Structure formats: C-alpha cells, structure tokens
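Residue-level structural notes
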Amino acid sequence: DTKSTIQFASKIRIQKEPHGDYVRFISLPQNGGEVQFPACFSWSIQITSCPAGWTWPRVSKALKTLNPPHIDIDYIDGKGLAQLAPVLQSLQGIILYSDTICDDDLKALLSCKALTSLTLYSCNKLTDAGMVHIGTLTTLKTLYPPKQITSSGLEHLNTLNKLTSLELGRKF
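Before going further, it helps to spend a moment on the overall build of the protein. Check the secondary structure of the protein and you find five helices and 10 strands. The buried share of the protein, taken over its 172 residues, is 46%. Within the protein, contacts between residues at least 6 apart in sequence are counted, and of these 52% link residues at least 24 apart. With the model as given, the accessible surface of the protein reaches about 8,700 Å², and the carbon-plus-sulfur share is 49%.

Below, the structure written as structure tokens:
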C-alpha cells in the first residue's frame, strides 16, 4: 500500500494492471489530506485547477515530494505549465486539458526525460508548429495530439522512434 499526504483538493486515479482501465478514484477535499491506496500498477494525480490561495510553484513543490508517475492537469496556462517544469521532469505520463496552451508553451515539456505518454485534450490553440517541441520527446511511446494537427505537424514526429501509439483526429 502507498500512503501520502496531499495538501490540496485533487483526485487520485488507480490502475491495477498494465493496459487496464483506471478502476478507482479517490477524492480529497479542498484542504487535501492523507490518502492511502493499494499496491497497483500505476496511479496518477488529477488537478482540476490551481488550488485557491496557491500558486503553480507551490503546487510544483508539493507534487515533487509526492513524486507521482502520471499527472492530469486541467485549466492550466503556459505560465503555470512552465512553473510546474521541476516536477514534470520525472513524469511518465501527462494529460493536459487546456484551451489556453499555445505552441511555445510546450517548451516546458522539454525537461521531461522519462515521459512515455502525452495526451493533449482540448488544446485548441496548438498548431502544427508546436509539434516541433513534441518531436524532441524521444522517450514517447503514446501520443494523442489535438485534432487540428495536420500531416505537416506530424512530420516533426519522425524522430520519435519509440512511438507505438498515435491517435489522430480524436475529438476531445
């Protein structure tokens, strides 16, 4: 079992086995608290917004002590993503839900040396040009780019030799 203290409202998702569905969600109240979950294949923390009274650097510091393998972040802007860069380095999976992230904001992901999975939900401001940054994430195995990416953007992904799953045109 794993026991951790999270200092802000969030959800923990538990995945029991590889390639299995996330089978359990644990929700924490606004002020966070201690969470305990069973031994599992994978888990992630979901942050739906920067907690009230917090800043993204403070969230980054709290997450660094928790060391989650995967993170889902909703409603983050480019500045917030850049401020989370210290914790992003060790992540294996990132899911971003953001209609404000733009191409240059993806530079914050360049420090992600262990990243194997990236999903870009509702990232409507990303263009083919932003895929240049994604093309440098050579550890990626799974990529879900936003639906507006065209073949021109996909050309930037030729360097992703470990990529085994690419889902195109999905409407998130």
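So much for the structure itself; the text now carries on.
With that settled, consider the pairing of strand β7 (residues 93–97). The buried fraction of β7 amounts to four of the five residues, a majority that puts the element mostly inside the structure. With five bridges joining them, strand β6 (residues 70–74) and β7 adopt parallel strand pairing. Its bridge partner lying in β7, D72 is registered against I95. Inspection of the sheet shows β7 paired to strand β8 (residues 117–121) by five bridges, in the parallel sense. Directly across from I94, in β8, lies its bridge partner L118.

In terms of burial, strand β2 (residues 10–15) is a largely internal element, five of the six residues being buried. Note that β2 and strand β5 (residues 42–47) share five bridges and pair antiparallel. Looking across to β5, one finds that I12 is bridged to I45.

Criteria and cut-off values
Residue indices begin from 1 for each chain and proceed along its sequence in written order. Residues qualify for local features only when their pLDDT is at least 70, as the model is predicted, and side-chain atom pairs are given and counted only at 80 or more; totals for whole chains, interfaces and linings, by contrast, use all residues. In computing side-chain values, all of the structure's heavy atoms are included and hydrogens and water are not. Secondary structure elements follow DSSP: runs of H or I of four or more residues count as helices, runs of E of two or more count as strands, with numbering from the N terminus. Note on classification: 1.4 Å probe, protein chains only; a residue is buried when its accessible area is under 20% of the maximum for its type, exposed when over 50%, partly exposed between these limits. Note on contacts: a residue pair qualifies if any of its non-hydrogen atoms lie within 4.5 Å across the two residues. Each accessible area is a Shrake-Rupley result for a 1.4 Å probe, and residues are judged covered by the shown protein chains and nothing else. A pair of strands is treated as paired once DSSP finds two or more bridges between them.

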